[in-house]
Amino acid sequence: MAVLTAFSGLGGKSPAAFLLEIAGRRILLDLGEGPTPGQRPDLEGIGRVDAIFLSHAHIDHVGAIDLWPELGRPPVYATRATFDALPLLGLHLPPEACRDLPLQGPARLLDLPVTVGRNGHAMGGIWLHLPAEGGALYMGDWSRDPGFCPSTHPPADLVITDLSYGERDQTLVDQVQVLADSIRPGMVLPVPILGRGADIALRLSGLGFAPAICPQIRTEMQGALPELRQIATAAEARAGDLIIAADTERPGDLVSCLIADPRDWRFIFTGHVAPGSAAAELVAAGRATRQNWNVHPRARDQIWLAEVTRAKHLIPAFGALDAALNLQRHWPRSGDRAGPYRQKKAEPMLVEETTRERAENDAPILVPVHELTLPEGRICRLYVGNLTEPKTARRCWLRGLPHR
Ligand SMILES: [Zn+2]
C-alpha cells in the first residue's frame, strides 16, 4: 500500500515536499522553499530517498533542492525546461544528477513506469502518475483555465491536488478585464518565471496595451509579438511604461531595481503575496495592489479532476483548511445537469496526523475527512486534515490507503 508523508504543503500555502512510498520506492515529490521568505520544509527523519521529482521551476516547489546532498544525492527527475530554469533562481544541480522527463506521455522514474503530462501552470511543468498500488497522481501546481491542461490523466486512487485558490471559482476571462481596467501608466506586473507572463502579455496586447517585457518574458513568448519593446534594466524603462517582468525575488533583478527606482513605479501582483515578502511591503506602503489571474485550479476544476481520475482519496495541498471545507459551496447541487454531487462529513478514518513528538511515540491521531459523492454514486474522500496549528501543519501522513 502507498504511504504518503507530507513534510510540508498541507494546511496552507507552504513549500511542497511530499514523500511517496510506492512499489518499494521512496520518492520525494518536490522540494520547495517559501513562498513566505525563509519557509523551508523540515525533513528531519525523512530516511532514505530513492529519487526526487520536481514538478516545475517555481521557488515553492524547487527552492530547497540545495538539500540534495543531504538526501544522499538521489537522481532528480524533471523536464529539461525545469532543470534549465534552476540557475535563474540561484539553484544548481550537477548534470549527472538530472534525469530528463518528457512533457507528456509514458516515461520511467527509476525502474518504475510512470506517465507525465503538462500541468497548464508553468512552462515545462508536469504532473506525475504512478500506476502501482491503485495509482497515485501528484499534480503539483496545475491549472485548466488557460486551456493547456489536457484531460489525459490516468486513473488514480490517490490524487494530490492543488488547493492554492481554495474555493475561488472565477474564470480567467473575467479576470483579464478587471486587470486591464486597473492598469495605469507607470505600472509593473511582476510574474514568476515560466508562468503567466507570456499569457498576460498576449491577452493585454489583445486589448490594445503595448507592454514592455524583460528578456525572460521575451524568451517565454517563443517568438510571439516581436514588436513588444524589451527592457533589461530599470534605466531602459520609460516613464509611463507598462512593464511585465519576471520576478526571481533575488537582489539585483529587474523587479528589485524597479522597486528601488526613484520614479516610484506602481505594482500589480497577480499571485500569492506572502507575508514578509517585498510584495507585501509594497502593498502595505500603498504602492501595489493585487488582482487575480488564474494559474491554479478553480473549485469546479477540483471536481473535474476527481472525476477524470476516478480518485478515491483527494489530498488538497497548498490551501487553507477552511477553503477545503467550503469547496462544497461551489459544487453543483443534486439535480443540476452535472450532478449529483454531495459532500458530507465522514467518520474520521484513514488519515493520521502527527507532530514529530507523536511520531516518535508512534501515537498519531485521526483527523476528519469529508466524503464527496460523484455521479454513479462513486465516493471520493477529501482529506483536509486538522492542520490549523502551525506545529502540526508541518507533518501529516497517510498510510494504509486501501486501493480497491
Ligand atoms: Zn507554481
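Definitions and cut-offs
- Residues numbered from 1 in each chain as written.
- Predicted model: local features only at pLDDT ≥ 70, side-chain atom pairs only at ≥ 80, totals over all residues.
- Helix = DSSP H or I, 4+ residues; strand = E, 2+ residues; numbered from the N terminus.
- Buried ≥ 20, exposed ≤ 12 C-beta atoms within 10 Å, placed from the backbone.
- Contact = placed C-beta atoms within 7 Å.
- pLDDT = per-residue confidence, 0-100.
- Core = buried A, V, L, I, M, F, W, Y, C linked by C-beta atoms within 7 Å.
- Domains from an automatic or database assignment.
- Pairing = 2+ DSSP bridges.
- Axes fitted to C-alpha atoms, helices over the stretch in contact; angles between N-to-C directions.

Caption draft 1: Representation of the overall build of the protein chain. Summing up its helical and strand segments, the protein chain has 11 helices and 23 strands in all. Expressed as a percentage of the 404 residues in the protein chain, the buried residues total 45%. Within the protein chain, contacts between residues at least 6 apart in sequence are counted, and of these 62% link residues at least 24 apart.

Caption draft 2: Fine view of the confidence of the model for the protein chain. Of all residues in the protein chain, 78% have pLDDT values of 70 or greater, and the mean over the chain is 83. Note on residues 333-343: pLDDT under 50 across the span, and 21 contacts to partners over four residues away in sequence or across chains. Taken together, the stretch residues 385-394 has pLDDT below 50 and engages in 27 contacts with residues farther than four places along the chain or on a different chain.

Caption draft 3: Quick look at the nonpolar core. One finds Phe-18, Ala-136, Tyr-138, Val-159, Ile-244, Ala-245 and Leu-258 to be the most contacted residues of the largest nonpolar core, which totals 88 residues. There are two domains that each give this core at least three residues, and those are domain 1 (3-167 + 295-398) and domain 2 (172-290). Not counting residues within four places of it along the chain, the set of residues in contact with Phe-18 comprises Leu-4, Thr-5, Ala-6, Phe-7, Gly-9, Leu-29, Asp-30, Tyr-138 and Ile-160.

Caption draft 4: Layout of the pairing of strand 1 (residues 3-8). Counting buried positions along strand 1 yields 5 of 6 residues, so the element is predominantly enclosed. As defined by bridge partners, strand 1 adjoins strand 2 (residues 17-22) across 5 bridges and the pair is classed as antiparallel. Paired with Leu-4 across the strands is Leu-20, a residue of strand 2.

Caption draft 5: Quick look at helix 8 (residues 299-309). Taken residue by residue, helix 8 has Ala-299, Asp-301, Gln-302, Ile-303, Leu-305, Ala-306 and Thr-309 as its buried positions. One or two residues past the end of helix 8 sits Arg-310, with phi positive at roughly 55°.

Caption draft 6: Representation of the sheet that holds strand 15 (residues 266-269). Pairing within the open sheet is parallel, and its 5 strands lie in the order 13-14-12-15-16. If you trace the sheet from one side to the other, it starts and ends with strand 13 (212-213) and strand 16 (288-290), each paired once. Across the sheet, helix 4 (residues 197-206) touches strand 12 (187-191), strand 13 and strand 14 (242-246), and the angle it forms with strand 14 is around 160°.

Caption draft 7: Quick peek at the environment of Gln-216. Structurally, the position occupied by Gln-216 is in helix 5 (residues 215-221). Residues Gln-216 and Ala-232 lie 16 residues apart in sequence; the distance between their C-alpha atoms is 9.0 Å.

Caption draft 8: Just the environment of Val-116, in detail. Mapped onto the elements, Val-116 comes out in strand 8 (residues 112-118). C-alpha separation for the pair Val-116 and Trp-127, spaced 11 residues apart in sequence, amounts to 5.5 Å. Beyond its immediate stretch of four places on either side in the chain, Val-116 contacts Leu-101, Pro-102, Gln-104, Gly-105, Ala-107, Ile-126, Trp-127 and Leu-128.

Caption draft 9: Just helix 4, in detail. For helix 4, the full list of buried residues reads Gly-197, Ala-198, Asp-199, Ile-200, Ala-201 and Arg-203. Lining the buried residues of helix 4 we find helix 3 (172-182), strand 12, strand 13, helix 5 and strand 14. At the exit of helix 4 stands Gly-208, carrying a positive phi of roughly 100°.

Caption draft 10: Structural detail: the environment of Ala-279. Locating Ala-279 in the fold gives a position in helix 7 (residues 278-284). Here Ala-279 falls in the buried class, since 23 other C-beta atoms lie within 10 Å of it. The spatial distance from the C-alpha of Ala-279 to the C-alpha of Arg-290 is 9.5 Å, given a sequence separation of 11 residues. Not counting chain neighbours up to four residues away, the residues in contact with Ala-279 comprise Phe-269, Val-273 and Ala-288.

Caption draft 11: Quick peek at the pairing of strand 3 (residues 25-29). Of the pairings in the sheet, the one linking strand 2 to strand 3 comprises 5 bridges and is antiparallel in character. The partner of Ile-22 across the bridge, within strand 3, is Arg-25. Linking strand 2 to strand 3, which pair antiparallel, is a turn of 2 residues; within it Ala-23 sits at a positive phi near 50°. Here strand 3 runs beside strand 4 (residues 51-53); their pairing, made up of 3 bridges, is parallel. Across the sheet, the residue bridging to Leu-29 is Phe-53, located in strand 4.

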